Protein chains: 2
Amino acid sequence: MNYPSGVKVGAKVKKRQTNYTNRGMTLEEDINLTNEYYLNENLAIIHKKPTPVQIVNVNYPKRSAAVITEAYFKQASTTDYNGLYRNRYIDFEAKETKNLTSFPFSNIHEHQITHMQQIIDHGGISFFIIKFTQHDETFLLDSNLLIAAWNKQFKGERKSITYKYIADNGYLIPFKYTARIDYLPIVDKIYF
Amino acid sequence: MNYPSGVKVGAKVKKRQTNYTNRGMTLEEDINLTNEYYLNENLAIIHKKPTPVQIVNVNYPKRSAAVITEAYFKQASTTDYNGLYRNRYIDFEAKETKNLTSFPFSNIHEHQITHMQQIIDHGGISFFIIKFTQHDETFLLDSNLLIAAWNKQFKGERKSITYKYIADNGYLIPFKYTARIDYLPIVDKIYF
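Residues numbered from 1 in each chain as written. Chains lettered and ligands numbered in written order. Predicted model: local features only at pLDDT ≥ 70, side-chain atom pairs only at ≥ 80, totals over all residues. Heavy atoms only, no water.

## Considering the relation of the copies chain A and chain B
Now for step 1: With an RMSD of 0.0 Å, chain A superimposes on chain B once it is rotated by 180 degrees and translated 0.0 Å along the axis. On this basis, the relationship between the two copies can be described by a two-fold rotation axis.
Now for step 2: A shared interface surface links the copies, since 100% of the contact residues of chain A are contact residues in chain B too. (Least-squares fit on C-alpha atoms with pLDDT ≥ 70 in both. Contact = heavy atoms within 4.5 Å.)

Written out as structure tokens, the structure is:
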């Protein structure tokens, strides 16, 4: 399980590695800033869902805030981001990989695939944002293509999507300083 | 701040009071079961967002799951539920009150009002589900009406909506055993 980047660094928490390719920001942080920009500009209302946590124990000290003293990370049952854009429901998952040549399916859970298929079936917009950190390239890939590739693994094909396939069939998202992962112009192009 | 009903009862956590009016289930639990039913019947894809938590400290014991040892409840920046129904984005908040004659605005945060207005402006469906536990009645109230009443409080009017107004202008949601808070037929009626 990947732990969310929002986790503050505790005594035993490894520090996130920073290298020149990610400009010191994770994909999640970049997307959050982009969504904030979209919201401020009144372009789209897209939020990241909070990290699901199973809370086991809470203390209520007198005269101060409740403290959760025991909790565990839970697996998300949907994708991380959803919202509303130009009257349409929009839903996506974002992942980064250090792999140079492919995006391994081990990054995706089966129920996320199920969720993406449901979104498509009910008329929503569904895609993946995949960042190859070593190439410093971020792509938008329509979920139909991802689901098709995912299903082929059960027929003995590869358990990943190649970088080449994503580069050929996805859309490179340009890096901008206002909207760091400016995916809405690509959404306009594909889904409207 | 209201703590979520998903919190397991710890040493210092008060037990939730159960009385005959709520059949032992909170509104949240009833809505979660309803959404599960809708999902299984392939009618709608609506999920509750996880409770937002600020994680401060995590321990990684050898050979077992990471334990969050210090975290705090955060205020939600949006509404609790959203999803996709008949090609449309749907978004709502659910609240219960023990009050007999009115629903106090202290149950709502201003940024939730802002969020609901944004949803309306961008073509989404937005409403409130309000349960009067003492009456054992649950209503759906369109967000436009709620926002209008909310805004009037700043012109010196009441800081609540009366039960009578909600009963007259909202829609009583019938209790069913399959879909305990069966709100979709009302959504069909109002928004389609």
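## As for unusual backbone geometry
All names here are of chain B.
Now for step 1: Backbone geometry at asparagine 42 places phi at a positive 60 degrees, although glycine is not the residue there.
Now for step 2: Within the secondary structure, asparagine 42 sits in the loop between helix H1 (27-40) and strand E1 (45-48).
Now for step 3: By relative accessible area, which is 47% here, asparagine 42 ends up partly exposed. (Helix = DSSP H or I, 4+ residues; strand = E, 2+ residues; numbered from the N terminus. Buried < 20%, exposed > 50% of the residue type's maximum accessible area, 1.4 Å probe, protein only.)

## So, the packing of helix H2 (residues 110-121) of chain A against helix H3 (residues 143-152) of chain A
Residue and element names in this part refer to chain A.
Now for step 1: Interhelical geometry of H2 versus H3 gives an angle of 135 degrees and a closest axis separation of 10 Å. What the angle tells us is that H2 and H3 run oblique. The element H2 and its partner H3 pack so that their crossing is left-handed. Where H2 approaches H3, its residues Glu110, Ile113, Met116, Gln117 and Ile120 are matched on the opposing element by Ser143, Asn144, Leu146, Ile147 and Trp150.
Now for step 2: Its residues assigned to classes, the contact of H2 with H3 comprises six nonpolar, three polar and one charged. (Axes fitted to C-alpha atoms, helices over the stretch in contact; angles between N-to-C directions. Parallel < 35°, antiparallel > 145°, perpendicular 65-115°, else oblique. Left-handed = near helix turned anticlockwise from the far one by under 90°. Nonpolar A, V, L, I, M, F, W, Y, C, P; charged D, E, K, R; others polar.)

## A short note on the interface of chain A and chain B
Now for step 1: If you look at the interface, chain A gives 49 residues, while chain B gives 49 residues.
Now for step 2: Carbon and sulfur atoms supply 63% of the area that chain A and chain B bury against each other, a total of about 4200 Å² over both sides.
Now for step 3: Contact with chain B buries surface across chain A, with Tyr60, Ile68 and His122 of chain A losing the most and accounting together for 16% of the total.
Now for step 4: Here chain A and chain B share seven residue pairs in polar contact (both at pLDDT 80 or more) between them. (Buried area = accessible area lost by both parts, 1.4 Å probe. Polar contact = N/O pair within 3.5 Å; in protein donor to acceptor, adjacent residues only side chain to side chain.)

## Examining the sheet that holds strand E3 (residues 67-73) of chain B
Now for step 1: Ordered in space as E2(A)-E3(A)-E3(B)-E2(B), the four strands form an open sheet in which the pairing is antiparallel. The strands lining the two open edges of the sheet, one partner per strand, are strand E2 (53-59) of chain A together with strand E2 (53-59) of chain B. For this sheet the average axis-to-axis angle between neighbouring strands, irrespective of direction, equals 30 degrees.
Now for step 2: Direction of pairing for E2 of chain B relative to E3 of chain B: antiparallel, over a ladder of six bridges. Its bridge partner lying in E3 of chain B, valine 53 of chain B is registered against phenylalanine 73 of chain B. (Pairing = 2+ DSSP bridges.)

## Focus on the environment of lysine 98 of chain A
Residue and element names in this part refer to chain A.
Now for step 1: Note that lysine 98 resides in the loop between strand E5 (88-97) and strand E6 (102-104).
Now for step 2: Here lysine 98 falls in the exposed class, since its relative accessible area comes to 57%.
Now for step 3: For lysine 98 and threonine 133, which are 35 residues apart along the polypeptide, the C-alpha to C-alpha distance reads 5.4 Å.

## Some points on the environment of leucine 100 of chain B
All names here are of chain B.
Now for step 1: Its location among the elements puts leucine 100 in the loop between strand E5 (88-97) and strand E6 (102-104).
Now for step 2: Given the relative accessible area of 49%, leucine 100 is considered partly exposed.
Now for step 3: For the pair leucine 100 and glutamine 118, spaced 18 residues apart in the sequence, the C-alpha separation amounts to 31 Å.
Now for step 4: The residues touching leucine 100, leaving out its near neighbours within four places in the chain, are Phe132, Gln134, His135 and Tyr163.

## Describing the pattern of salt bridges
Residues and elements named next belong to chain A.
Now for step 1: By the definition in use, this model includes ten salt bridges over all chains.
Now for step 2: With a shortest N-O distance of 2.8 Å, aspartate 188 and arginine 86 are connected by a salt bridge. Remark: arginine 86 occurs in the loop between strand E4 (81-85) and E5 and aspartate 188 occurs in helix H5 (residues 184-191); sequence separation between them is 102 residues. (Salt bridge = Lys/Arg side-chain N within 4 Å of Asp/Glu carboxyl O.)

## Brief notes about the side chain of glutamate 93 of chain A
Now for step 1: Following the sequence through the fold, glutamate 93 of chain A ends up in strand E5.
Now for step 2: For glutamate 93 of chain A, the side chain forms a polar contact with the side chain of glutamine 112 of chain A, separated by 3.3 Å.

## Considering the environment of serine 160 of chain A
Residue and element names in this part refer to chain A.
Now for step 1: Residue position: serine 160 is located in strand E9 (residues 160-162).
Now for step 2: For serine 160, a relative accessible area of 11% corresponds to the buried category.
Now for step 3: Expressed as a C-alpha distance, the spacing of serine 160 and phenylalanine 105, which sit 55 residues apart in the sequence, is 5.0 Å.
Now for step 4: The residues contacting serine 160, other than those within four sequence positions of it, are Ser102, Phe103, Pro104 and Phe105.
Now for step 5: At 3.1 Å, the side chain of serine 160 and the side chain of arginine 158 are in polar contact.

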